[in-house]
Each structure stands twice: as structure tokens, then as C-alpha cells.
Amino acid sequence: MSASTMRAFAPAPCARPRSVSRSTTRRVALAAAADATSAQYLRGRAVADKLVGTSVFLIGIMGTGKSTVGAALAKAMGYKHLDTDELIQGVTKKTPAELFAELGESEFRAIESLILAEVAAYKNCVVSTGGGIVCERTNWMHLHNGVTVRLHGENELLAKRVLADGVEKRPLLASEGGESDDESEQMARVVARIEKLLEARESMYKQADLTVPLGSRDDAGAPVDVVIDRILEALDARVSEDAVQSKLKNEPKDGDITVTDPRGELGPKPNA
Ligand SMILES: Nc1ncnc2c1ncn2[C@@H]1O[C@H](COP(=O)(O)OP(=O)(O)O)[C@@H](O)[C@H]1O
Ligand SMILES: O=C(O)C1=C[C@@H](OP(=O)(O)O)[C@@H](O)[C@H](O)C1
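Values in this document were obtained by computation on a predicted structure and should not be read as measured data. (Residues numbered from 1 in each chain as written. Chains lettered and ligands numbered in written order. Predicted model: local features only at pLDDT ≥ 70, side-chain atom pairs only at ≥ 80, totals over all residues. Heavy atoms only, no water.)

Caption draft 1: Summary view of the environment of serine 55. Residue placement: serine 55 occurs in the loop between α2 (22-51) and β1 (56-59). For serine 55, a relative accessible area of 7% puts it in the buried group. Taking C-alpha positions, serine 55 is 7.9 Å from asparagine 145, a pair spaced 90 residues apart along the chain. Filtering out sequence-adjacent residues up to four positions away, serine 55 remains in contact with Tyr79, Tyr122, Lys123, Asn124, Cys125, Gly146 and Val147. From its side chain, serine 55 meets the backbone oxygen of tyrosine 122 in a polar contact 3.1 Å long. (Helix = DSSP H or I, 4+ residues; strand = E, 2+ residues; numbered from the N terminus. Buried < 20%, exposed > 50% of the residue type's maximum accessible area, 1.4 Å probe, protein only. Contact = heavy atoms within 4.5 Å. Polar contact = N/O pair within 3.5 Å; in protein donor to acceptor, adjacent residues only side chain to side chain.)

Caption draft 2: Seen up close, the layout of surface pockets. The volume enclosed by the largest pocket comes to roughly 820 Å³. Considering every element that reaches the lining of the largest pocket, the biggest residue donor is helix α3 (residues 66-77), with four residues. (1 Å grid on protein atoms, 1.4 Å probe; cavity = no way out; pocket = protein on both sides within 12 Å on 5 of 7 lines; lining within 4 Å. Points joined across faces, edges and corners; volume = space filled by probe spheres on them.)

Caption draft 3: Layout of empty space enclosed by the protein. All told, the structure shown has one cavity of 30 Å³ or more when counted by the stated rule. The computed volume of the largest cavity comes to approximately 30 Å³. Lining the largest cavity are Gly60, Ile61, Thr64, Arg150, Leu151, His152, Gly153, Leu158 and Leu198. Among the elements that line the lining of the largest cavity, the one with the most residues is strand β4 (residues 147-152), at three residues.

Caption draft 4: Region of the structure containing the site of ligand 2. Taken together, 13 residues form the shell around ligand 2, and within it Lys66, Asp85, Arg109, Arg170 and Arg201 come nearest. Between arginine 201 and ligand 2, the recorded distance is 2.7 Å, taken from a side-chain N or O atom to an oxygen atom. Contact with the protein chains covers 96% of the free accessible surface of ligand 2, which is 380 Å². One can see that ligand 2 is located within the largest pocket. The residue inventory of the shell around ligand 2, partitioned by class, reads five nonpolar, three polar and five charged. (Near = heavy atom within 4 Å. Areas by Shrake-Rupley, 256 points an atom, 1.4 Å probe, with all protein chains shown as cover. Sits in = over half its atoms within 2 Å of the grid points. Nonpolar A, V, L, I, M, F, W, Y, C, P; charged D, E, K, R; others polar.)

Caption draft 5: Structural detail: the site of ligand 1. Near ligand 1 you find 13 residues, and of these Lys66, Thr68, Asp165, Arg170 and Ala222 are the closest. Contacts to ligand 1 include aspartate 165, whose side-chain N or O atom sits 2.6 Å from an oxygen atom. Protein chains bury 74% of the 560 Å² of accessible surface belonging to ligand 1 in isolation. The pocket occupied by ligand 1, as judged from atoms lying within 2 Å of grid points, is the largest pocket. In terms of residue count, the dominant contributor to the shell around ligand 1 is α3 (three residues). Grouping the constituent residues of the shell around ligand 1 by class yields four nonpolar, five polar and four charged.

Caption draft 6: Expanded view of the sheet that holds β4. On the basis of which strands lie adjacent, the open sheet formed by five strands has the order β2-β3-β1-β4-β5 and parallel pairing. The two strands at the open ends of the sheet, each matched to only one other strand, are β2 (80-83) and β5 (210-213). Adjacent strand axes in the sheet meet at a mean angle of 25 degrees, parallel and antiparallel pairs treated alike. In this structure, β2 lies alongside strand β3 (residues 125-128), joined through four bridges in parallel fashion. Looking at β3, one finds that aspartate 83 is bridged to serine 128. Along the sheet, helix α4 (residues 84-92) contacts β2 and β3; its crossing angle with β2, the most-contacted strand, is approximately 70 degrees. Its contacts with the sheet place helix α11 (residues 224-241) against β1, β4 and β5, and it is angled at close to 150 degrees to β5. (Pairing = 2+ DSSP bridges. Axes fitted to C-alpha atoms, helices over the stretch in contact; angles between N-to-C directions.)

By themselves, these are just geometric observations and shouldn't be taken as functional.
This is the structure:
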């Protein structure tokens, strides 16, 4: 506890009982928050030192907080924060939703891959990625150059968040929210859509070096600060246990790897 917090908690010199004023309560709360923030900052810097510049990529399905947590994590670690969706928007002057509508998903993915290749050139970054970045296998060439941290929460929690944001911001959900005024129906549809996306993507999210859970604090999910503490703790433990600090390992298990011919260009030609 800092000296200022201790002073704030010290009993009043006068013996007469009196209620604590609102400004005192606020000062105490601010001092406590400042202590927590500086503790996180110290921890963040210590983890950053151990990572020796290796970038951190946040992955996970939409609504897990990659953008929100990424910005605060970067601050704690003294890293630069980059957000692939924001960078795409900066370059194209269009939101992901507009790009999906105007060019289609595959063109969006191509742009996303180009942006990822650009950001992967830099060290000392926390990169918040779009939820679908894991789908393009060649993107892993870049993701595996850093430490990948998957944020992982209950589907209901994520659905609640994306519905609060407005589903129109997320083109893969846009058709799931707007057709009904019934909130519980909307919720059920978005949860079902998230489940479906996860089914298709789980084998890729599983490739993450670390998985950080987002529960609980009464089902509303852990606050951002708590998520950052969990990430820092997981990074610290993993880096400490890894003999080679500059590259964390994640051995694939049997059945994890399937190799496909996505464009049908690699096998023998039909009438060759
Ligand atoms: N730990 C958290 N606690 C409460 N709300 C959060 C938390 N993390 C993110 N949010 C909120 O959830 C929504 C989705 O977060 P966002 O960072 O955009 O997720 P993603 O980038 O993974 O899609 C935003 O409205 C954000 O403010
Ligand atoms: O899951 C996906 O395929 C997508 C997630 C979005 O990012 P967030 O995960 O930040 O919402 C955004 O990149 C785009 O709408 C596609």
C-alpha cells in the first residue's frame, strides 16, 4: 500500500465519530486504483523484459475483448498496440462490415492477410486480430512468430457483448440480430451463430500458445484488468518454463494437423 493510501486510511485525529466524506472515499478509491495500475505496469514491464521483444497476438472469437484488452495490455507492457481491423479500416477507409458487403469475405481475408504480414514485421507489439484471422492457414506463419494468446469465454457472455455493441458492426452476425425484436430470440440466434463459427474454427484457436479464460465476476465476465493480470501471469509462467525464451513451443497433437488442397491446384489434373 502506498504512503498516500495509508494516509487516506489513517484514523482521523479527532475522536468525535463522523461519517467519511464522499471526497475522502473517492480519494481512497483513486489511490487504490493507482496502486493496482502501477502493480500491473511493473508486472507488465517484467514480462515484456522476459519476452525480449517477441510480439503478442491476441486471437479468439468476436466479442472476447481482443481490441479492448489489447490496448490496455500494450500499455502495461510498454508495447505498441496494433489492431488489424483498425489498420484495415485505416488503409481501405472502409469498415470490415463495408468490405464484407462490397467485396465479400474472401477479399476481406486477403486484405487481412496483407495487413498481418505488415504488422508481423515489427517486434514489441501487442496485436489485436480479427476473429477470423486464424482461418487462413498461411497467416500462422506470422502468428507463430510471436506468442499467441487466445481469449476464451462463454458463448452467452460473448453474445451479450456483441449484441450490446450492435451486430451490424460484425458482418458475420449481422443477419442474426436484426430480424426479431425479441431479445431472448436474438440472443439465442447469436449464440447459435457463435457456436457454429467455433465449431469450424476450434482446431485453429487450439493452436494458441496460451488460452486465457474470461469468466467470471458474476457471469458478467472478468473485468479488463483481471484479464490482463491473467494474461501476464500465463505469459510469465510459460516464458519461465520454456528453455528457449525467444520462441514458445506448442507441439501439435495427433489429429490436430490436416493438410488440404484448398484451391484444388496441387494434386494430379483430372485428364492429365
Ligand atoms: N473484460 C471485459 N469486461 C467487460 N466488457 C468488455 C471486456 N472486454 C471487452 N468488453 C466489451 O465487449 C465488447 C467487445 O469487445 P472487443 O474488444 O471489441 O472484442 P473483440 O475485439 O474480441 O471483438 C466491447 O463493447 C468491449 O467494451
Ligand atoms: O470472426 C470474424 O471472422 C470477424 C471478426 C471481426 O473482428 P472481431 O473479432 O474483432 O470482432 C472482423 O475482423 C470481421 O468482422 C470478421
